[in-house]
Amino acid sequence: MSMARGKFISLEGGEGAGKSTLLAGLYEHVVARGVPLLQLREPGGTDLGEAIRAIVLDPAQRGMSAEAELLLMFASRAQLVRERLAPALANGQWVLCDRFADASYAYQGSGRGQPLERIAELESWACAGLKPDLTLLLDLPVATGRARAAGRGEADRIEVEADAFFERVRAGYRARAAAEPQRFHVIDASQPPEAVLRDAIAALSRLFGASA
Ligand code: Z5A
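Residues numbered from 1 in each chain as written. Predicted model: local features only at pLDDT ≥ 70, side-chain atom pairs only at ≥ 80, totals over all residues. Heavy atoms only, no water.

Peer 1: It is not clear to me how the site of the ligand should be interpreted in this structure. Could you clarify?
Peer 2: Lining the immediate surroundings of the ligand are 28 residues, of which Lys 19, Ser 20, Thr 21, Arg 53 and Arg 99 lie closest. In the environment of the ligand, an oxygen atom lies 3.1 Å from a nitrogen or oxygen atom belonging to the backbone of Gly 16. The separation between an oxygen atom of the ligand and a polar side-chain atom of Arg 53 is 2.6 Å. For the ligand, the accessible surface in isolation is 1100 Å², of which the surrounding protein chains cover 82%. Here the ligand is seated within the largest pocket. Mapped onto the shell around the ligand, the elements with two or more residues apiece are α1 (19-32), α2 (47-57), α3 (66-90) and α4 (101-111). The dominant element in the shell around the ligand, judged by the number of residues it contributes, is α4, at 4 residues. Across the shell around the ligand, the residue classes break down as 11 nonpolar, 7 polar and 10 charged. (Near = heavy atom within 4 Å. Polar contact = N/O pair within 3.5 Å; in protein donor to acceptor, adjacent residues only side chain to side chain. Areas by Shrake-Rupley, 256 points an atom, 1.4 Å probe, with all protein chains shown as cover. 1 Å grid on protein atoms, 1.4 Å probe; cavity = no way out; pocket = protein on both sides within 12 Å on 5 of 7 lines; lining within 4 Å. Sits in = over half its atoms within 2 Å of the grid points. Helix = DSSP H or I, 4+ residues; strand = E, 2+ residues; numbered from the N terminus. Nonpolar A, V, L, I, M, F, W, Y, C, P; charged D, E, K, R; others polar.)

Written out as C-alpha cells, the structure reads:
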C-alpha cells in the first residue's frame, strides 16, 4: 500500500502578526493528534536557506536590488522544496511552514512592485508545482503589528521599510486570499493569542479527515 502524502500548511502575515506565537501552539496541537510534523521557515530551513536569510535580512545589504531580493527568496525556496519539504510530504509527514511563496507575491510583488506574472513563473519553476494545502493568513493593521514588533532590538533590512510598504504587503496578501478562498483561511490576528490559535485549529480540522 502506498503511503499517503502529508499535508502542507503555511503561515503568512505582516510583521508582528503573531506567526511564531501561533506556530508553537499549532505544533503542539498537531503532534498531540499523533501526526508526524516538520516545522520549517522561509527564508531558511536548510543550510543554504539560512545563509541566504542572513544576507537578505542584513541591514548592511541596503543596496540590494528588488530583483536580487526576489531571486534570493526563490533560491532559498528551491532548496527547501528539494531538500526537505517534498521528501517530508512524500514520507507522509505534515509540514508547518512559517511563510512560503505567497510571501514573495506580497513583499516582492505588491511591496516592491516586481511583476506578479514573473513571480508566478519563478514559483512554477522553483516549487515544482508544490502548493500549500492550507494557508493561514494572520491579518492585522500595520500599526498594531509594528508596535508589537518594536523593541525587539535592531530592525532587519526589510523591517526598516516605511508603513506604506507594509500597507501594500497587507493589501497583496488580502488580494491573494480573496483570489484563492479554498486554500486561504484569514484569521483576525488582533484577537488574543488563544483566540487566534482556536481559529487556526478550527481551520485545520478539515485536513485531518481519516488520517488522524
Ligand atoms: N520575506 C520576503 O520578503 N519574501 C519572502 O518570500 C519571504 C520572506 C519568505 C523574515 O520573515 C522577513 O522575510 C519578513 C518577510 C520577508 N520581513 N519582514 N518584515 P519572518 O517571518 O522571519 O519575520 P517577521 O515577519 O519579521 O516575523 P515577526 O515580526 O517575527 O512576526 P511574527 O512571528 O508574526 O510574530 P511573533 O514573534 O509571534 O509576535 C510578535 C510579538 O507580538 C511578540 O512579542 C508576541 O508575544 C506578540 N504577540 C503575538 N501574538 C499576539 C496576539 N495575538 N496578541 C498580542 N500580542 C501578540
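Back to the write-up after that little detour.
Peer 1: Just checking my understanding: could you explain the side chain of Asp 98 for this structure?
Peer 2: Along the chain, the position of Asp 98 falls in strand β3 (residues 94-98). A polar contact is formed between the side chain of Asp 98 and the side chain of Lys 19, at a distance of 2.9 Å. For Asp 98, the contacting residues outside a window of four places in its chain are Leu 11, Lys 19, Ser 20, Leu 23, Leu 40, Arg 41 and Glu 42. (Contact = heavy atoms within 4.5 Å.)

Peer 1: Please explain α2 as it appears in this structure.
Peer 2: Three- or four-residue spacings in an α-helix give side chains the same orientation, since the helix completes a turn every 3.6 residues. Listed in full, the buried residues belonging to α2 are Gly 49, Ile 52, Val 56 and Leu 57. When α2 is viewed along its axis, its buried side chains cluster within an angular range of 115 degrees and face the same direction. Each element contacted by the buried residues of α2 is listed here: α3. (Buried < 20%, exposed > 50% of the residue type's maximum accessible area, 1.4 Å probe, protein only. Arc of directions from axis to C-beta.)

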